[in-house]
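Topology and contacts: notes
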Amino acid sequence: VLHSSNCPTSYDNLSVNVFRDTDATRRLNPTQQDISAATMVMKIRRSQNNRDIDRLCRFLNSLEVDNAPKSMKAVQKNLSRQENLNINWESYKICSKCGQTYPIKCSECTKCKEKKLVEFYLYSIENQLQHLLSTNGVYKSLQNERKKNVEIFSQTTYGQILKETDENSFTMIINADGVVTPNQNISLWPFILMINEVPIPQRRYTENIIIAGVIPAKVKPNNIVFEACLDLITEDLQLIENGQQYYISDLDATDTLHFFTIASCTDKPAEALMENVVVYNAEYGCPKCFTPGEIFHGERGLGNKIKKFHIRVFPYGDIEDRTQDKCTEIVRDMEDEKLSKPRRGHS
Ligand SMILES: [Zn+2]
Ligand SMILES: [Zn+2]
């Protein structure tokens, strides 16, 4: 639910079509859909059952809250009508074997006859950036933080990037991870972007987080699916880097801004998916060098409870460094099908 104290009139009267397909409008009062979405989030987070939600709805109605749904049934009905949600999104099915993308209605890959297709939802990043910039104060705070960071981080790559780009350029960080909920039927792999020039702690607030895409998968998606998703997201990110026109509430004008995605922050399993490499404990899993690693056989526990375990370790030694040039060469040879997959950690 997006609250803002500013009146959206000036924005509504805009004659320039900055929002393209769908308008990103900021609401002053939560709608039925907003309250239903918030209720559903609470239901999942707190593992509430449908009767709990019925009670909550009755409670809200007894307080005469505007637009409060009457029951859990009403919450579901409100959320199933997605065309009213005003979100610019596209849905795909991705073949888990060859990575081919299809419209959401397809159930089989026509290329390799694979039936295991993974759903993927892609959300407009530009739309969400416009949403942020429509709030008074956001652009000014981005500019201030940028000015501060150029000084503070002048010795870092980040500071260097800020120095080398125009003042109307900002940076983002991408993150992906699996989210497991208490409900086993719902597990999500969201791709999330954060703007580095939004000050902490606001940077991590839900309203400032940009969702680039979501894989609603019960099992962990494989490298092929992840690559297809990242390809779709990258297409969007490229446009955003090149510069898009946004209506900036603070200036009451439109201007071209650039947002560069400069880093990613993930845990080890997600990192392997993002970089399209083998997992950290597989053969050639070391990100620094080309050692295949060794299996260490150990025992833990005492007496009857002794348990054997095996773990891959990457001992130090005189081993070739994993440089960018070398990695590029391997990937190129794999693409030309000179090398079989996975090759020295690349999959
Ligand atoms: Zn396929
Ligand atoms: Zn190493």
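Up top is the structure.
Residues numbered from 1 in each chain as written. Chains lettered and ligands numbered in written order. Predicted model: local features only at pLDDT ≥ 70, side-chain atom pairs only at ≥ 80, totals over all residues. Heavy atoms only, no water.

**Observations concerning the side chain of Thr 291**
Locating Thr 291 in the fold gives a position in the loop between helix H9 (268-275) and strand E10 (294-300). Relative accessible area serves as the criterion here: at 8%, Thr 291 is assigned to the buried category. Here the side chain of Thr 291 touches Gly 293 through a polar contact of 3.2 Å, landing on its backbone nitrogen. (Helix = DSSP H or I, 4+ residues; strand = E, 2+ residues; numbered from the N terminus. Buried < 20%, exposed > 50% of the residue type's maximum accessible area, 1.4 Å probe, protein only. Polar contact = N/O pair within 3.5 Å; in protein donor to acceptor, adjacent residues only side chain to side chain.)

**Digging into the pairing of E10**
Note that E10 and strand E11 (residues 307-313) share seven bridges and pair antiparallel. Following the sheet pairing, Glu 299 is matched in E11 by Lys 308. In this antiparallel pair of consecutive strands, E10 and E11, the connection spans six residues, and Gly 301 shows a positive phi of 95°. (Pairing = 2+ DSSP bridges.)

**A look at the coordination of the zinc ion (ligand 2)**
Note on metal geometry: ideal angles are 109.5 degrees for four donors arranged tetrahedrally and 90 or 180 degrees for six donors arranged octahedrally. Around the zinc ion (ligand 2), the donor atoms from the protein are Cys 286 (SG) and Cys 289 (SG), and they sit 2.2 Å away. Each member of the pair, Cys 286 together with Cys 289, is buried. (Donors = N, O, S within 2.8 Å, 3.2 Å for Na, K, Ca; no water.)

**Quick notes on the side chain of Ser 96**
Note on placement: Ser 96 falls in the loop between strand E1 (89-95) and strand E2 (101-103). When its relative accessible area of 14% is taken as the criterion, Ser 96 is described as buried. Here the side chain of Ser 96 touches Lys 116 through a polar contact of 2.8 Å, landing on its backbone oxygen.

**Here we look at the pattern of salt bridges**
Enumeration over the complete set of coordinates arrives at six salt bridges. Across the salt bridge formed by Lys 97 and Glu 114, the nearest N and O atoms sit 3.8 Å from each other. Residue Lys 97 is located in the loop between E1 and E2, and its partner Glu 114 is located in the loop between E2 and strand E3 (117-123); the two are separated by 17 residues in the primary sequence. Among the salt bridges present, the one from Lys 268 reaches Glu 271, with a minimum N-O distance of 3.2 Å. One end of the pair is Lys 268 and the other is Glu 271, both in helix H9 and three residues apart, which spans about a single turn. Residue class for Lys 268 comes out partly exposed when judged on its relative accessible area of 37%. (Salt bridge = Lys/Arg side-chain N within 4 Å of Asp/Glu carboxyl O.)

**What to know about the coordination of the zinc ion (ligand 1)**
All of the protein donors around the zinc ion (ligand 1) are Cys 95 (SG), Cys 98 (SG), Cys 109 (SG) and Cys 112 (SG); their distances to the metal are 2.2 to 2.3 Å. Around the zinc ion (ligand 1) sit four donor atoms; with metal-centred angles ranging over 105 to 120°, the donor geometry is tetrahedral. Along the chain, the residues donating to the zinc ion (ligand 1) fall in the pattern C-x2-C-x10-C-x2-C. Placement of the pair is Cys 95 in strand E1 and Cys 112 in the loop between E2 and E3, with a sequence separation of 17 residues. Classification of Cys 112 as partly exposed rests on a relative accessible area of 28%. (Tetrahedral: all angles 85-135°; square planar, octahedral: opposite > 155°, others 65-115°.)

**Let's talk about H9**
The complete set of buried residues in H9 reads Ala 270, Ala 272, Leu 273 and Met 274. Elements that come into contact with the buried residues of H9 comprise strand E4 (169-176), strand E6 (187-195), helix H8 (223-242) and strand E9 (253-264). Near the N-terminus of H9, the side chain that reaches the backbone nitrogen of Ala 270, with its oxygen 3.1 Å away, is that of Asp 267. Positive phi shows up at Asn 276, right after H9, with a value of about 55°. (Contact = heavy atoms within 4.5 Å.)

**A word on the nonpolar core**
Of all hydrophobic cores here, the largest spans 40 residues; its most connected members are Phe 120, Ile 125, Met 172, Phe 191 and Ile 215. Among the elements that take part in this core, H8 stands out by supplying nine residues, more than any other. Sequence-distant contacts of Ile 215, that is, excluding residues within four places in its chain, are made with Val 118, Glu 119, Phe 120, Ser 187, Leu 188, Trp 189, Phe 191, Pro 221, Val 225, Phe 226 and Cys 229. Core analysis: the next-biggest nonpolar cluster, separate from the first, contains five residues, Ile 53, Cys 57, Val 75 and Leu 79 among them. (Core = buried A, V, L, I, M, F, W, Y, C linked by side-chain atoms within 4.5 Å.)

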